[in-house]
Amino acid sequence: FCQNFGTPLNLDAQFQSNFTPSTQLIAQADRQVIENADNTPRNASPQLEGQPSEFPSTSPAPAAPIEQLDVPKIEYTDRLDRLRQRLKKQQSLESNRNNELGIILAKPRPIEELQIPAVKPPIVTKPNPIGYLLGRVSYFQTNNIFSSEANKTQDGLVFSGLTLASAPLPLGSKTYLNAAIDGNLVRYVDQSKYNYNLVRFNVGIYQQLTPRMYGEIGWSNQQFFHTNDAKNFEPGDRFLNENSVRLSLGRRDTLTPRLILDSFYELRLSLADPDSRNRINNSLLLSLGYYFRKSLKVGLDYQFNLSNFTEQPREDQYHRLIGNITYGISDYSNISVQGGYTLGSSTDRNIDFNGWFFSVNYGWELGRF
């Protein structure tokens, strides 16, 4: 999804975070775990197929202030309805009381008063921030952490990271430029020899197409580094470098004041080192969200992913059904819980996508400048 690091955190993070623990929940990494006869890996390169490639977004809304994409103003609507009902009831009681007493109401004659000009307070303009520092901590659990057919392993991952992001820079009335740098520490609960660090750079140009639709063209680079010593690697050695260009299209439809349908499509071309990771990826997301309150949202998502590798005869596809709950702790932090099941296949017989997953994500804003 388009990422907007220029607004405080709010419940609308689900529009992105549902597609980002989930949005590229499969990193589709190259098969770098070579198994011996006893299924023991010879090196310390993790097979990343079933892991999140993008971490839960700590920046909620799309990359520009689109009125139609804002969170429904549920609390305001409810309060306005209550005030109208209370006023109507009060007027009805006063009318009945006057009829019983036979009181004839007369409007008082207005008294002319000297109008004193109001003194307007000086307008103090607050400078808009140009950047944000965001933090996140996440836990991801699955019954097949390496998406392996022969060596299925249940394990969990702990993600912790920081994002330094720019505020959306207007390029036109409906065009914005975004940029961000991510740093993440990824640690296995049991398979600690596969721990790694991840650095990601991202730049995107966002365009509002209609009041309900937007598009984005972007570039990203992600690099994976070993943290442990191994037979063929040393701590700090890079084992994957991937550059990607993407074209995405999103839409939001308000079905009721509380029910929202988000749809998103992305076409991505990835060129990597090693080049066996080169691929064309198509992703589709349908996200149905219901707001019990502005700070509490539940959702049900469907995701489809198709990857065609260009340097090897391999094609991956999977379907994912995701249930999620998000609670906005404040305007600057939220917590979400997600769980679901993945069903998929690959022409590589060593890959198995089928399995369940669960994640808990907490994100907050550390500061702005």
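Rules behind the numbers
- Residues numbered from 1 in each chain as written.
- Predicted model: local features only at pLDDT ≥ 70, side-chain atom pairs only at ≥ 80, totals over all residues.
- Heavy atoms only, no water.
- Helix = DSSP H or I, 4+ residues; strand = E, 2+ residues; numbered from the N terminus.
- Buried < 20%, exposed > 50% of the residue type's maximum accessible area, 1.4 Å probe, protein only.
- Contact = heavy atoms within 4.5 Å.
- Areas by Shrake-Rupley, 256 points an atom, 1.4 Å probe, with all protein chains shown as cover.
- Salt bridge = Lys/Arg side-chain N within 4 Å of Asp/Glu carboxyl O.
- Lys, Arg positive; Asp, Glu negative; His and termini not counted.
- Polar contact = N/O pair within 3.5 Å; in protein donor to acceptor, adjacent residues only side chain to side chain.
- pLDDT = per-residue confidence, 0-100.
- Phe/Tyr/Trp six-rings, centres within 6.5 Å; stacked < 30°, edge-to-face > 60°.
- Core = buried A, V, L, I, M, F, W, Y, C linked by side-chain atoms within 4.5 Å.
- Pairing = 2+ DSSP bridges.

Visitor: Lay out the overall build of the chain in plain terms, naming residues and giving numbers.
Guide: If you tally the helices and strands in the chain, you get 2 helices and 13 strands. In the chain, buried positions account for 46% of the 369 residues. A separation of at least 24 residues holds for 64% of the contacts in the chain among residues at least 6 apart in sequence. Of the roughly 19,200 Å² of accessible surface on the chain, a fraction of 58% belongs to carbon and sulfur atoms.

Visitor: Account for the pattern of salt bridges, with residues named and values stated.
Guide: Here the structure, examined in full by the defined rule, presents 12 salt bridges. Arginine 252 serves as the salt-bridge partner of aspartate 262, at 2.7 Å between the closest nitrogen and oxygen. Within this pair, whereas aspartate 262 is found in strand β8 (residues 259–273), its partner arginine 252 is found in strand β7 (residues 238–254), the two being separated by 10 residues in sequence. The same class applies to aspartate 262 and to arginine 252, which are both buried.

Visitor: Help me get a handle on the side chain of aspartate 301, residues and values and all.
Guide: Summarising the element assignment, aspartate 301 is placed in strand β10 (residues 296–309). Here aspartate 301 occupies a buried position and makes no salt bridge, while the nearest side chain of opposite charge, lysine 297, is found at 6.8 Å. One polar contact links aspartate 301 to asparagine 324, side chain to side chain, over a distance of 3.2 Å.

Visitor: Describe the environment of glutamate 49, with residues and values.
Guide: Tracing the backbone shows glutamate 49 in the loop between α1 (13–17) and α2 (74–101). Accessibility expressed as a relative area gives 0% for glutamate 49, which makes it buried. Sequence separation between glutamate 49 and phenylalanine 146 is 97 residues; the distance between their C-alpha atoms is 6.0 Å.

Visitor: Now, about the confidence of the model for the chain: what can you tell me, with residues and values included?
Guide: Low pLDDT marks stretches whose predicted atomic positions should not be read closely. Taken over all residues, the pLDDT of the chain has a mean of 79, while the share at 70 or more is 71%. Note that residues 55–68 has pLDDT below 50 and, in this model, 65 contacts with residues that lie over four places away or in other chains.

Visitor: A description of the packing of aromatic side chains should follow, citing residues and the corresponding values.
Guide: Overall, the coordinates contain 13 aromatic pairs when judged by the stated rule. Ring pairs connect the aromatic residues Phe146, Tyr188, Tyr194, Tyr196, Phe224 and Phe239, which therefore count as one cluster.

Visitor: How would you explain unusual backbone geometry if you had to name every residue and give the values?
Guide: The phi angle of most residues is negative, glycine excepted, and most peptide bonds adopt the trans form. The omega torsion of the bond from aspartate 273 to proline 274 falls at 15°, within 30 degrees of zero and hence cis. As for its position among the elements, proline 274 is in the loop between β8 and β9 (279–293).

Visitor: Account for the nonpolar core, naming residues and giving values.
Guide: Core analysis: the largest hydrophobic core is formed by 17 residues, its most contacted members being Leu157, Tyr188, Tyr196 and Phe224. Every element with two or more residues in this core is listed here: β2 (155–166), β4 (175–188), β5 (196–210) and β7. Setting aside its immediate chain neighbours within four residues, tyrosine 188 contacts Pro46, Leu48, Gln51, Ile145, Phe146, Asp155, Gly156, Leu157, Tyr194, Asn195 and Tyr196. Ranked by size, the runner-up nonpolar core spans 5 residues in total, among them Tyr176, Tyr214, Phe264 and Leu285.

Visitor: An account of the environment of leucine 259 is requested, with residue identities and associated values reported.
Guide: Locating leucine 259 in the fold gives a position in strand β8. A relative accessible area of 22% means that leucine 259 is categorised as partly exposed. In the structure, leucine 259 is positioned 31 residues away from tyrosine 290 in sequence and 4.6 Å away in space, judged by C-alpha atoms.

Visitor: An account of the side chain of aspartate 316 is needed here, citing residue identities and associated values.
Guide: Note on placement: aspartate 316 falls in strand β11 (residues 315–330). At 2.8 Å, the side chain of aspartate 316 forms a polar contact with the side chain of arginine 314.

Visitor: Now, about the pairing of β9: what can you tell me, with residues and values included?
Guide: By the bridge criterion, 12 bridges tie β8 to β9 in an arrangement that is antiparallel. Pairing of leucine 259 across the sheet is with tyrosine 290, part of β9. As consecutive antiparallel partners, β8 and β9 are separated by 5 residues.

Visitor: Summarise the pairing of β5; cite the residues concerned and give the values.
Guide: Looking along a regular strand, one sees side chains alternate from face to face of the sheet. As judged from the 12 bridges shared by β4 and β5, these two strands associate in the antiparallel manner. From the neighbouring strand, tyrosine 176 faces β5, where its bridge partner is tyrosine 206. The pairing of β5 with strand β6 (residues 213–226) spans 14 bridges and is antiparallel. Across the sheet, the residue bridging to phenylalanine 201 is asparagine 221, located in β6.

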